[in-house]
Amino acid sequence: MSQAKVDRYKEEKANRKQIMAREKRNHILSVICGWAILFVLVGWAGVSGYNKYESSRPIETVYVNLDSLNSYVASLSATE
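Rules of the game
- Residues numbered from 1 in each chain as written.
- Predicted model: local features only at pLDDT ≥ 70, side-chain atom pairs only at ≥ 80, totals over all residues.
- Heavy atoms only, no water.
- Patch = residues over 30% accessible without salt bridge, like charges linked within 9 Å, V, L, I, M, F, W, Y side chains within 5 Å.
- Areas by Shrake-Rupley, 256 points an atom, 1.4 Å probe, with all protein chains shown as cover.
- Salt bridge = Lys/Arg side-chain N within 4 Å of Asp/Glu carboxyl O.
- Helix = DSSP H or I, 4+ residues; strand = E, 2+ residues; numbered from the N terminus.
- Buried < 20%, exposed > 50% of the residue type's maximum accessible area, 1.4 Å probe, protein only.
- pLDDT = per-residue confidence, 0-100.
- Axes fitted to C-alpha atoms, helices over the stretch in contact; angles between N-to-C directions.
- Parallel < 35°, antiparallel > 145°, perpendicular 65-115°, else oblique.
- Contact = heavy atoms within 4.5 Å.
- Nonpolar A, V, L, I, M, F, W, Y, C, P; charged D, E, K, R; others polar.

A closer look at a nonpolar patch on the surface
Now for step 1: On the surface, a cluster of nonpolar side chains totalling about 690 Å² of accessible area is made up of Val62, Val64, Leu66, Leu69, Tyr72, Val73 and Leu76.
Now for step 2: One can find Leu69 in helix H3 (residues 67–79).
Now for step 3: Its relative accessible area of 47% is what places Leu69 among the partly exposed residues.

Next up, the structure:
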């Protein structure tokens, strides 16, 4: 081996713990970011699909007869 290779090997051996810790930290960070991006994309697709489904459904209209309520309120105002 040349002297440069020996020096490089000794340097890597001396800093092996720091190098391995850095690689492990970068791997965990990339996995967490990947899952977060996947979660956001799936959530966005779900919300978009739900909104599209809801917009395609017919609107339900409810009719209420308020004549009796109006006459009751009018009778309360008239007696005062």
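Read on for the rest.
Observations regarding the confidence of the model for the protein
Now for step 1: Across the protein, the average pLDDT comes to 90, with 95% of residues at or above 70.
Now for step 2: Looking across the protein, the model is least confident in H3, with a mean pLDDT of 83, and most confident in helix H2 (residues 16–56), with 95.

A word on the packing of helix H1 (residues 3–14) against H2
Now for step 1: As a packed pair, H1 and H2 sit with axes 4 Å apart at the nearest point and diverge in direction by 65 degrees. In terms of orientation, H1 and H2 fall into the roughly perpendicular class. Along the contact surface, H1 presents Tyr9, Glu12, Lys13 and Ala14, while H2 presents Arg16, Gln18 and Ile19.
Now for step 2: Here the residues of the contact of H1 with H2 are counted per class, giving three nonpolar, one polar and three charged.

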